[in-house]
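# Notes for the structure review
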Amino acid sequence: MIQVENLTKYYHTLCAVDQINFDIQKGEILGLLGPNGAGKTTTLRMLTGYVQPSSGNIHVKGLSVDTHILEIKKMLGYLPESAPLYHDMLVYDYLNYVAAIREIRGDQKLARIRRLADLCGINEVMHQPIGELSKGYKQRVGLAHAMMNDPEVLVLDEPTSGLDPNQIVEIRKIIKEIGKEKTIILSTHILSEAEATCDRIVIISQGKIVADGSSESLKRSTGGKNIMYLSLQNADFAPLQESLAEINGIENVSRISETDSVLNVRLAYQSTDDLRPDVYRKIKQTDWILLDFHQETQSLENIFRELTKES
Amino acid sequence: MRQVVHIFRKEFSAYFISPIAYIVIAIFLLITGWFFFATFFLFNQANLRAFYTLLPVVFAFVIPATTMRLISEEINVGSDEILLTMPVTFRDVILGKFLASVALVVAMLIPTIAYPLTVSLMGQLDWGPVVGGYLGAIFLGAAFSAVGLFASALTRNQIIAFIIGLAVCFTLTLIDKMLYFLPQSLLGVFAYLGADFHFQNIAKGIIDSRDILYFVSICFVGLYGAYLALLQRH
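What counts as what
Residues numbered from 1 in each chain as written. Chains lettered and ligands numbered in written order. Predicted model: local features only at pLDDT ≥ 70, side-chain atom pairs only at ≥ 80, totals over all residues. Helix = DSSP H or I, 4+ residues; strand = E, 2+ residues; numbered from the N terminus. Rg over C-alpha atoms; globule rule 2.2 N^0.38 Å. Buried ≥ 20, exposed ≤ 12 C-beta atoms within 10 Å, placed from the backbone. Contact = placed C-beta atoms within 7 Å. Expected span 1.5 Å × (residues − 1). Nonpolar A, V, L, I, M, F, W, Y, C, P; charged D, E, K, R; others polar. Axes fitted to C-alpha atoms, helices over the stretch in contact; angles between N-to-C directions. Parallel < 35°, antiparallel > 145°, perpendicular 65-115°, else oblique. Left-handed = near helix turned anticlockwise from the far one by under 90°. pLDDT = per-residue confidence, 0-100. Pairing = 2+ DSSP bridges.

## Concerning the overall build of chain B
- For chain B, the count of helices and strands is eleven helices and zero strands.
- Each helix and strand of chain B, ordered N terminal to C terminal, gives the series α-α-α-α-α-α-α-α-α-α-α.
- Since a compact globule built from 234 residues should have a radius of gyration of about 17 Å, the 18 Å found for chain B is in line with a globular shape.
- Based on the C-alpha atoms only, the size of chain B along its principal axes is roughly 60 × 45 × 30 Å.
- A total of 234 residues make up chain B; the buried ones form 44% of that total.
- Within chain B, residue pairs in contact and separated by at least 24 positions form 78% of the contacts whose partners lie at least 6 positions apart.

## A word on helix α11 (residues 209-233) of chain B
Residues and elements named next belong to chain B.
- Its 25 residues place the ends of α11 36 Å apart at the C-alpha level, agreeing with the 36 Å of an ideal helix rising 1.5 Å per residue.
- All of the buried residues in α11 are D211, Y214, F215, I218, C219, G222, L223, A226, A229 and L230.
- Turning to α11, the residues buried within the fold contact α3 (49-77), α5 (90-109), α7 (127-154) and α10 (195-203).

## Description of the interface of chain B and chain A
- In this assembly, 18 residues from chain B lie in contact with 20 residues from chain A.
- Put simply, the parts of the chain that give the side of chain B that touches chain A at least two residues each are α1 (2-17) and α4 (79-84) of chain B.
- Top element by residues in the side of chain B that touches chain A is α1(B). It accounts for five residues.
- Of the residues belonging to the side of chain B that touches chain A, the class tally is eight nonpolar, eight polar and two charged.

## What about the packing of helix α4 (residues 106-120) of chain A against helix α5 (residues 135-147) of chain A?
Residues and elements named next belong to chain A.
- Two numbers describe how α4 lies on α5: the axes approach to 10 Å, and their chain directions differ by 140°. On the basis of the axis angle, α4 is oblique to α5. In this structure, the crossing between α4 and α5 has a hand that is right-handed. Residues L116, A117 and C120 of α4 form the contact with α5, whose own contacting residues are R140, L143, A144 and M147.
- Looking at the contact of α4 with α5 residue by residue, the class counts come to six nonpolar, no polar and one charged.

## What about the packing of α7(B) against helix α8 (residues 158-174) of chain B?
Residue and element names in this part refer to chain B.
- Packing of α7 against α8 brings their axes to within 8 Å, and their N-to-C directions diverge by 145°. Judged by the sense of rotation from one axis to the other, the crossing of α7 with α8 is right-handed. For the pair formed by α7 and α8, the contact residues are F144, V147, G148, A151, S152 and L154 on the first element and A161, I164, G165, V168 and C169 on the second.
- Residues of the contact of α7 with α8, tallied by class, amount to eight nonpolar, three polar and no charged.

## Describing the confidence of the model for chain B
All names here are of chain B.
- Of the residues in chain B, 100% reach a pLDDT of 70 or more, and the chain-wide mean stands at 89.
- Per-residue pLDDT, averaged within each element of chain B, yields its smallest value for helix α9 (residues 184-193) (79) and its largest for α5 (94).
- Both confidence scores are given for the complex: pTM 0.83, ipTM 0.85.

## Overview of the pairing of strand β4 (residues 55-60) of chain A
All names here are of chain A.
- The pairing of strand β1 (residues 2-11) with β4 spans five bridges and is classified as antiparallel. Within β4, the position partnered with Q3 by the bridge is H59.
- Where β4 lies against strand β5 (residues 63-64), two bridges are found, and the strand directions are antiparallel. Directly across from H59, in β5, lies its bridge partner S64.
- Between β4 and β5, which follow one another and run antiparallel, lie two residues, and K61 among them has a positive phi close to 50°.

## Some points on the environment of A:Y86
- Relative to the assigned elements, A:Y86 resides in the loop between β6 (76-79) and α3 (91-101).
- Residue classification places A:Y86 among the buried positions, given that 20 C-beta atoms sit within 10 Å.
- Distance in space between the C-alpha atoms of A:Y86 and A:T197 is 29 Å, their sequence separation being 111 residues.
- Excluding anything up to four places from it in sequence, A:Y86 contacts A:Y94, A:I130 and B:S79.

## Notes on the environment of B:V62
Residues and elements named next belong to chain B.
- Along the chain, the position of V62 falls in helix α3.
- Exposure remark for V62: the 24 C-beta atoms within 10 Å place this residue in the buried category.
- Sequence-wise, V62 and G141 are 79 residues apart; in three dimensions their C-alpha atoms are separated by 9.8 Å.

## Here's the deal with the sheet that holds strand β2 (residues 14-24) of chain A
- Pairing in this open sheet of four strands is antiparallel, and the strands run β2-β1-β4-β5 (chain A) from one edge to the other. Looking along the sheet, the strands with just one partner apiece sit at the ends: β2 and β5 of chain A.

## A short note on unusual backbone geometry
All names here are of chain A.
- A positive phi angle is found at Q19, which is not glycine, with a value near 50°.
- If you trace the backbone, Q19 turns up in strand β2.
- Here the phi dihedral of A83 falls at roughly 35°; this positive angle occurs in a residue that is not glycine.

Written as structure tokens, this is what we have:
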């Protein structure tokens, strides 16, 4: 659907996007993740034709942004960051204007505006000036704007930034809903959001792609370090360490604390197999009392922090 | 080309949705009306000479005020990102906005038709120069609109856009009146650059292709400058 090849953008001497490559399949929801200033917005702006790449190319359905930008714009719907809309226009007038530019005519126009108003939940603000709307409503009007031409590819730049938790849930629901049939690219720096809505995540840092894959595959590929926590009553550390070390794969057993008769222990292992049954079997052989037993996989947050650390 | 019409419609109605059009038209009528009729009866002549003498200077103030927001506001609010990622070209945007501004100039001139009508009641009015004057006024307004649009494309600050537009329009208006300190050889060139000079030619009722060409080239230079300014920004 979309091929990004060696895409590079310089602002004067600052390199915002540095030779990035990725493909987007039809029907995919792709999340572009990265810290502030990583080049997410610039990438999206190049895709939508708002800025021109310094070098490299983007193809949408085989058309290059260099030569066929008008055709590409017709296929795309774009919601820029924080939805910069015309403040003194009424919502209805604005959507009407967008529909006119998108060459939707007559009966179809009204039907389309109605449908989008229902989908985005903006019926009650249709006759208010955009400048007087709350941020959440503005974002929804922006979303309606982006979907006006029933685009094959929807590009959303931080669609949930600045919204309250209820609104975030609603916007995500809308995105999921549209994502069933459309290709969506969204940028965000909220990791849980990317995890919840995206099929695939691309992490950008300092203009370069540092990771690409589904959230599960990212977790697996980058270290995949698992950590187990145990709390035991009436146990001693030395024999525990000895017996656990026999399990294949355990790298490190360390004591976190020992109060009264409760021993807290941390186990680290690097394995794709689940070692919890083995650990449990070992404990069962003794007369120690197991108070707490849980495992943590390395979260997306950790991976993100590791990958985007300033070098 | 249809996109030009949509953008034109949106921009033109934006003038009338906000108070801009009403304020500008009211001030324009107040100034021209006052200065025209204040001296009209002293001359005891049934023509619009005084009105046309005044018009370029008033336009030089008023038109940059109406064009200053056209592009700079979009850049400032960021709505250009929305506009330019829809299937429109720079050409559509600039032409649409330019035509909206010209249409506002026409809207501004329409109430002044009361002046020649009033004058024709009082004496024998020669309608040739009047019609020529209105035609010239539209050309002049178009040229200043193009200059104002160019100024607006240069900056995200509306005040700066206004001042640049005002400075250029004012210079074009007055340049042929400041020729006394120039060497003889340059006089012809600078006189030709003066907007007032060409406008007064048309307002005499003589429609000369050189005068038309002058205004058309100012429009072209202004609009092309605006195009380059937008291109450079993206």
